[in-house]
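Structural overview
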Amino acid sequence: MIHYTCDRCKRQIDTDEQNRFIVHIEIQSAIDGPSIEIDDDIDQLNELNDFLENLHDESVEDVSDLVDSQLSHEGRYDLCAECHHQFLKNPLGRDAMLTLGFSNN
């Protein structure tokens with residue numbers, strides 16, 4: 001038998017007695033247009049060559065994984081019914097940020 005655990009509260013979800021909710025989250029970097037200014041005084045091909053030569057210590061797969069992890073994220077999370085309800089009320093967790101208070105010293 002497959003056992004499920006809520007990824008938010010860590011309680012076991014008994015699928016015979018309660019619903020299990022799956023949340024898929026996909027985050028991607030948004031690039032709105034060209035924001036790179038090209039300096040005519042810099043040899044772009046030479047700069048690219050220097051960059052590629054400096055990568056000799058790392059494998060191509062490591063570099064592409066690093067770039068991909070910084071630009072996107074995908075996640076799949078199991079939630080119990082209670083956590084699903086809480087997630088729908090506040091999917092971005094804004095309330096938690098507002099409850100933090102600091103003194104005015």
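Here, every reference points to the structure presented above.
Note that this is a predicted model, so its numbers are computed, not measured.

Cut-offs applied
Residue numbers run consecutively from 1 along every chain, following the written order of its sequence. Under the rules for a predicted model, residues below a pLDDT of 70 receive no local features and side-chain atom pairs below 80 are neither given nor counted, while totals for whole chains, interfaces and linings still include all residues. Each side-chain value is worked out from all heavy atoms of the structure, with water and hydrogens disregarded. Each helix is a run of H or I in the DSSP string that is no shorter than four residues. Each strand is a run of E no shorter than two, and both are numbered from the N terminus. To sort residues, take the accessible area from a 1.4 Å probe on protein chains only and compare it with the maximum for the residue type: under 20% means buried, over 50% means exposed, and anything in between is partly exposed. Contacts are assigned to residue pairs that have any heavy atoms within 4.5 Å of one another. Only the protein chains shown count as cover for residues, with accessible areas throughout obtained via the Shrake-Rupley method and a probe of 1.4 Å. To qualify as a nonpolar core, a set must consist of buried Ala, Val, Leu, Ile, Met, Phe, Trp, Tyr and Cys residues joined through side-chain atoms within 4.5 Å. Every case where a carboxyl oxygen of Asp or Glu lies within 4 Å of a side-chain nitrogen of Lys or Arg is listed as a salt bridge.

**Observations concerning the overall build of the protein chain**
In terms of regular secondary structure, the protein chain is built from 4 helices and 4 strands. From first element to last, N terminus to C terminus, the protein chain shows the α and β order β-β-β-α-α-β-α-α. Here the protein chain, with 105 residues, has 11% of them falling under the buried criterion. Restricting the contact set of the protein chain to residue pairs at least 6 apart, pairs at least 24 apart contribute 75%. Carbon and sulfur atoms form 51% of the exposed surface of the protein chain, whose accessible area is close to 9,700 Å².

**Points about the nonpolar core**
Formed by Y4, C6, I13, V23, L79, C80 and C83, the largest nonpolar core amounts to 7 residues. With residues near it in sequence (within four places) discarded, C83 still touches C6, R8 and C9.

**Focus: the pattern of salt bridges**
Pairs can form between side chains of opposite charge whenever their charged atoms are close. All told, the structure shown has 3 salt bridges when counted by the stated rule. R11 is the salt-bridge partner of E82, the closest N and O atoms lying 3.5 Å from each other. Here R11 lies in the loop between strand 1 (4–5) and strand 2 (12–13) and E82 lies in helix 3 (residues 81–89), a separation of 71 residues in the sequence. For E82, a relative accessible area of 48% translates into the label partly exposed. In this structure, the salt-bridge partner of R76 is D78, at a minimum N-O distance of 3.6 Å. Classification of R76 by relative accessible area gives partly exposed; the value is 45%. On the basis of relative accessible area, D78 is assigned to the buried category, the value being 10%.

**Concerning unusual backbone geometry**
Even without glycine at this site, K10 takes up a positive phi of about 70 degrees. One can find K10 in the loop between strand 1 and strand 2.

**Comments concerning the environment of C80**
Looking at the element boundaries, C80 is found in the loop between strand 4 (72–79) and helix 3. Considering only alpha carbons, one finds C80 and R11, 69 residues apart in sequence, at a separation of 7.9 Å. Non-local contacts of C80, meaning those with residues more than four positions away in its chain, are made with C6, C9, R11, I13, Q18, N19 and F21.

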